[in-house]
Amino acid sequence: MSDDSTPPDYELADRVALTTPSQVKAISHPLRTAILHLLHERAATVTELAGALERPKSTVAHHVQVLTDAGLVRVVRTRRVRAIEERFFGRTARLFYVGVERGSEGEEMPRDFNDFEVAAAESAAAFRDGKLWGFLRHARISEAQASDFWERMAELVAEFDRLPRTGETMYGFAVGVYPSDLPTLPEPP
């Protein structure tokens, strides 16, 4: 078991690369993303997930199975309730990231998964209500510097992931480093 002060309440890897198209497709569905978010809090049954998501149990069970088949979710414990064994599902990692390699089948990775698109949709109400905190900055740096900076941001994301779940509001946290096509000034003479 993990330390009780940090979520979730089961053992899991820190980071796992998604290297197959089926994994990326599995994580790119909004309901499956919501399931993964809930399972970051604690292990849960399909019934608990369906209640939290206000969706039919059969629909949630289908999406949990897709995540399980993709290796993103697994049964972390069971308990006997009367004659039925209740299964509690958990994530296989705190952080999933899309690997740059091609899958072993040679299939192209889907290009329609964008965390910032999700964050933009989720943050619209917070923006309207004046509760959106954000920064957008640009810097002309080397690829190595961008990679180092990203590793530091990944550490901050890991810290955010481990915060105890004590508040009433679920907050989102989006970070990214990406090359842009913004113009640059020439080197000074």
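Quick look at the structure, then. (Residues numbered from 1 in each chain as written. Predicted model: local features only at pLDDT ≥ 70, side-chain atom pairs only at ≥ 80, totals over all residues. Heavy atoms only, no water.)

1. A word on the layout of surface pockets
Move 1: Its volume calculated, the second largest pocket comes out at about 220 Å³.
Move 2: Contributing elements (two or more residues each) for the lining of the second largest pocket: helix H3 (46–53), helix H4 (57–69) and strand S3 (84–91).
Move 3: Here the element with the most residues in the lining of the second largest pocket is S3; it accounts for five residues.
Move 4: Taken together, the residues that form the lining of the second largest pocket break down as five nonpolar, two polar and four charged. (1 Å grid on protein atoms, 1.4 Å probe; cavity = no way out; pocket = protein on both sides within 12 Å on 5 of 7 lines; lining within 4 Å. Points joined across faces, edges and corners; volume = space filled by probe spheres on them. Helix = DSSP H or I, 4+ residues; strand = E, 2+ residues; numbered from the N terminus. Nonpolar A, V, L, I, M, F, W, Y, C, P; charged D, E, K, R; others polar.)

2. Focus on the environment of alanine 120
Move 1: Turning to its location among the elements, alanine 120 is positioned in helix H5 (residues 115–128).
Move 2: Owing to a relative accessible area of 47%, alanine 120 belongs among the partly exposed residues under this scheme.
Move 3: With 54 residues separating them along the chain, alanine 120 and alanine 174 place their C-alpha atoms 9.4 Å apart. (Buried < 20%, exposed > 50% of the residue type's maximum accessible area, 1.4 Å probe, protein only.)

3. Side note on the packing of aromatic side chains
Move 1: Summed over all chains, the structure comprises two aromatic pairs.
Move 2: Relative to tyrosine 171, the ring of tryptophan 133 lies with its centre 6.3 Å away and its plane at 5°, an arrangement referred to as stacked. Placement of the pair is tryptophan 133 in the loop between H5 and helix H6 (143–161) and tyrosine 171 in the segment after H6, with a sequence separation of 38 residues. Neither tryptophan 133 nor tyrosine 171 differs from the other in exposure class; each is exposed. (Phe/Tyr/Trp six-rings, centres within 6.5 Å; stacked < 30°, edge-to-face > 60°.)

4. Remarks on the pattern of salt bridges
Move 1: Taken as a whole and assessed by the stated rule, the structure comprises eight salt bridges.
Move 2: Among the ionic pairs, glutamate 86 bridges to arginine 79, the shortest N-O distance being 2.6 Å.
Move 3: Overlapping salt bridges bring together Asp14, Arg94 and Arg162 as one network. (Salt bridge = Lys/Arg side-chain N within 4 Å of Asp/Glu carboxyl O.)

5. Considering a nonpolar patch on the surface
Move 1: Residues Phe116, Leu136 and Tyr178 make up a contiguous nonpolar surface patch of roughly 320 Å² in combined accessible area.
Move 2: Considering the arrangement of structural elements, one finds leucine 136 in the loop between H5 and H6.
Move 3: The class for leucine 136 is exposed, based on a relative accessible area of 54%. (Patch = residues over 30% accessible without salt bridge, like charges linked within 9 Å, V, L, I, M, F, W, Y side chains within 5 Å. Areas by Shrake-Rupley, 256 points an atom, 1.4 Å probe, with all protein chains shown as cover.)

6. With respect to the packing of helix H2 (residues 30–41) against H3
Move 1: It is the contact of H2 with H3, at a shortest axis distance of 11 Å, that shows an interaxial angle of 115°. Taken as axis vectors, H2 and H3 run roughly perpendicular relative to one another. Note on packing geometry: the crossing formed by H2 with H3 is right-handed. When H2 is examined against H3, the residues Leu31, Ala34, Ile35, Leu38 and Leu39 are found in contact with a partner set consisting of Leu49, Ala52 and Leu53.
Move 2: A per-class count over the contact of H2 with H3 returns eight nonpolar, no polar and no charged. (Axes fitted to C-alpha atoms, helices over the stretch in contact; angles between N-to-C directions. Parallel < 35°, antiparallel > 145°, perpendicular 65-115°, else oblique. Left-handed = near helix turned anticlockwise from the far one by under 90°. Contact = heavy atoms within 4.5 Å.)

7. Comments concerning the nonpolar core
A general trend in soluble globular proteins is that nonpolar side chains are found buried together.
Move 1: In this structure, Ile35, Leu39, Val60, Val64 and Leu72 are the most contacted members of the largest nonpolar core, which totals 26 residues.
Move 2: Of all the elements in the fold, those that place two or more residues in this core are helix H1 (21–27), H2, H3, H4, S3 and strand S4 (93–98).
Move 3: If we skip the residues at most four places from it in the chain, valine 64 touches Ile35, Val46, Leu49, Val73 and Phe89. (Core = buried A, V, L, I, M, F, W, Y, C linked by side-chain atoms within 4.5 Å.)

Don't take any of this as a statement about function, it's just geometry.
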